[in-house]
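Summary of the model geometry
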Amino acid sequence: MPHDLLFDRRLVEKYDRPGPRYTSYPTAPQFSEVFAEDDYRAAAARSNRAASPKPLSAYVHIPFCKSLCYYCACNKIITHNTQRAAEYLGWLIREIEVQGALFDDERRMTQLHLGGGTPTYLSHAQLGALLTALDNAFHFAPEGEREFSIEVDPRTVTPEQVSALRGLGFNRLSLGVQDFDIEVQRAVNRVQGEEQVAALMAAAREAGFDSLSVDLIYGLPRQTRSSFDATLAKLIALRPDRIAAYSYAHLPEHFKAQRLIRPADMPPPERKLELLELTIERLCGAGYDYIGMDHFALPGDELCQARQNGTLQRNFQGYSTHADCDLVGLGITAIGRIGDTYSQNVKDIAQYRQRLEDGRLPVKRGYCLNDDDRLRGDVIHGLMCQGLVDIPSLEARHGIDFGDYFAEALERLVEPAADGLIELRDDALTVLPAGRLMMRNLAMAFDAYLEGGQQRFSRTI
């Protein structure tokens, strides 16, 4: 295990409680319908007037899937009727045109991510039409200056289709694996062979993708230490550039699909910690660096380089090297960040269509940051991305006395400091090796909105 990460079972059990993932601050529960379309348009106009307007990023939500994965808590539509996707694409392109008109032509799109659902539910021709619309509206940066990624369900694409995705301009591929064990796959209704994944990764490398990422989930039904160890060994042999190992949050009272999982198949809570410890041990032992939260990457990957040089960022897709962009959210439920505002689109396709038919943006709710939000967001970003808060620098940027302003937060950190999770000094807060798994807990000390609301979040570890 690397010197900067320490798994202490006693501390992990002590601090494993509900808390935000801090892909934004404030987090999504604070978004409000008080924030309306006019606020979004005003934010876009302000972003154009900035002394140095930021480059653009986009998240595009494709909600369709052909089958239901029982663990899934994403916003999705299960259907074999491809006409629904064709109709949705038409409205999505309309939103792209409306959104594109809000941003100056000189700004370039340097980052794009297609998520879902299953983005490859769309055909090659449909994906091509989508990218053409995006380029026309937002003006893609040159090939070598952009990061365009797409999520892929290995059951839905062939090696030839993966090569075709590279031809469309995607240079990063994210494969949803979750687990290679057949018994686990049957329990969650997602059966796929490891040969499929290996073939797709080989095709992606041959096609010239810059980075391959694989998603795993620990804590799924019927998982055991030995079965997940075998999955990790197979994945390590495939050597993806990045691995995201997510903790499964079983909340059948909130997510209807999860009610299809047999309660008897669920592993006991202590097994999740065993699987987390195993994951850290195996991946770090195989040469992967722990980036933070659920993310691991090979030393040559941009995420590792960003973590080392202090430029690591966090946005709604997790850790990133491009979060200094203005993020445009496109499609139902998509979240964006323009300047000091967050926004989220409507969740229902009928509402989405109606808004666009009326010539309106489909923005449902959002949030405008105040000075306190910006300050606390800076602190949380430092803890989550660099494991460090440089106090004199923060005081100079925000015109505050750190000790006075954050007296209550520092009091909440006394116990974590005594447990060896964080070092508290007059000039810096530094996350210690035992605290890297508990970064969410440390960040929570600075969250002004948490009182009484933690139950809505997943567990921190």
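A few points on the structure. Source: prediction; values computed, not measured.

The rules behind these values
- Per chain, residue numbering runs from 1 following the sequence as it is written.
- Thresholds applied to this predicted model are a pLDDT of at least 70 for local features of residues and 80 or more for the giving and counting of side-chain atom pairs; totals over whole chains, interfaces and linings are not thresholded and use all residues.
- Computation of side-chain values covers all heavy atoms of the structure but excludes hydrogens and water.
- Secondary structure elements are taken from DSSP: a helix is a run of H or I of four residues or more, a strand is a run of E of two residues or more, and numbering for both begins at the N terminus.
- Remark: exposure states derive from per-residue accessible area (1.4 Å probe, protein chains only) relative to the maximum for the residue type, with buried under 20%, exposed over 50%, and partly exposed in between.
- Throughout, a contact is declared for two residues whenever any of their heavy atoms are within 4.5 Å.
- Each accessible area is a Shrake-Rupley estimate made with a 1.4 Å probe; only the visible protein chains count as cover when residues are assessed.
- Charge assignment in this entry is limited to Lys and Arg as positive and Asp and Glu as negative, and neither His nor the chain termini are counted.
- For the purpose of locating charges, the reference atoms are NZ of Lys, CZ of Arg, CG of Asp and CD of Glu.
- Regarding the arc, it is the one traced by the directions from the helix axis to the C-beta atoms.
- The definition of a polar contact used here is a pair of N or O atoms within 3.5 Å, where within protein one atom must be able to donate a hydrogen and the other to accept one, and adjacent residues in sequence count solely through side-chain atom pairs.
- Buriedness of a pocket was judged along seven lines, with at least five required to meet protein on both sides within 12 Å; pockets are open sets of points on a 1 Å grid over the protein atoms alone, cavities are sets where a 1.4 Å probe fits but cannot get out, and lining residues have an atom within 4 Å of a point.
- Grid points are joined across faces, edges and corners, and a volume is the space filled by probe spheres set on the points.
- Basically, the charged four are Asp, Glu, Lys and Arg, the nonpolar ten are Ala, Val, Leu, Ile, Met, Phe, Trp, Tyr, Cys and Pro, and anything else, Gly included, counts as polar.
- Each residue after the first adds 1.5 Å to the expected span of a helix.
- Every axis in this analysis is a line fitted to C-alpha atoms, fitted for helices over the stretch in contact. Angles between the N-to-C directions lie between 0 and 180 degrees.
- Throughout this description, any angle smaller than 35 degrees is read as roughly parallel, any larger than 145 degrees as roughly antiparallel, any in the 65 to 115 degree range as roughly perpendicular, and the remainder as oblique.
- In this scheme, a crossing is called left-handed if the near helix is turned counterclockwise away from the far one by less than a right angle; it is called right-handed if the turn is clockwise.
- One bridge is not enough; two strands pair if DSSP finds at least two bridges between them.

1. Considering the overall build of the protein chain
When its secondary structure is counted, the protein chain shows 17 helices and 19 strands. Each of the three principal axes of the protein chain carries a C-alpha extent, and together these read 60 × 55 × 45 Å. Each of the 461 residues in the protein chain was classed as buried or not, and the buried ones make up 53%. For the protein chain, restricting intrachain contacts to residue pairs at least 6 apart in sequence, the fraction spanning at least 24 positions comes to 73%. Total accessible area on the protein chain stands at roughly 19200 Å², and carbon and sulfur atoms take up 48% of it. Averaging the locations of the 51 positively and 64 negatively charged side chains of the protein chain gives two centres separated by 5 Å.

2. Some words on helix H11 (residues 349-357)
Every buried residue of H11 is listed here: Ile349, Tyr352, Arg355 and Leu356. Buried residues of H11, viewed axially, fall in a sector of 125°; they line one side. Buried residues in H11 make contact with strand E2 (64-65), strand E3 (77-78), helix H3 (82-100), strand E15 (341-345) and strand E16 (363-368). Between the side-chain oxygen of the N-cap and the backbone nitrogen of alanine 350 there are 3.0 Å, and the N-cap of H11 in question is aspartate 348.

3. So, empty space enclosed by the protein
If you walk through the whole model with that rule in mind, you get one cavity of 30 Å³ or more. If you add up the space inside the largest cavity, you get close to 40 Å³. Along its surface, the largest cavity is lined by Tyr71, Val177, Gln178, Asp179, Val184, Gln185, Val188, Arg190 and Leu220. Mapped onto the lining of the largest cavity, the elements with two or more residues apiece are strand E6 (172-178) and helix H6 (182-187). When its residues are assigned to classes, the lining of the largest cavity shows five nonpolar, two polar and two charged.

4. Section: helix H8 (residues 225-238)
In this model H8 runs 20 Å from its N-terminal to its C-terminal C-alpha over 14 residues, within 8% of the 20 Å that 1.5 Å per residue would give. Tucked into the core, H8 has its buried residues touching E6, helix H7 (194-207), strand E7 (211-218), strand E8 (242-247) and helix H9 (269-285). Of the residues one or two after H8, arginine 239 is the one with positive phi, at around 55°.

5. Concerning the packing of helix H4 (residues 124-138) against helix H5 (residues 159-168)
Viewed as axis vectors pointing N to C, H4 and H5 meet at an angle of 15°, and their least axial separation amounts to 11 Å. Judged on the interaxial angle alone, H5 and H4 are roughly parallel. At the point where H4 passes H5, the crossing takes the right-handed sense. Note on element contacts: H5 touches H4 through Ala164, Leu165 and Leu168, opposite His124, Leu127, Gly128 and Leu131. For the contact of H4 with H5, the per-class residue count stands at five nonpolar, two polar and no charged.

6. Brief notes about the sheet that holds strand E19 (residues 428-431)
Strand order in the open sheet made by the three strands is E17-E19-E18, with antiparallel pairing throughout. Edge positions in the sheet fall to strand E17 (388-390) and strand E18 (422-424), since each has one partner strand and no second. Adjacent strand axes in the sheet meet at a mean angle of 10° when their direction is disregarded. Across the sheet, helix H12 (residues 371-386) lies against E17, E18 and E19, angled at about 135° from E17, the strand it touches most. Sitting on the sheet, helix H13 (residues 391-398) touches E17 and E19, and the angle it makes with E17 is about 55°.

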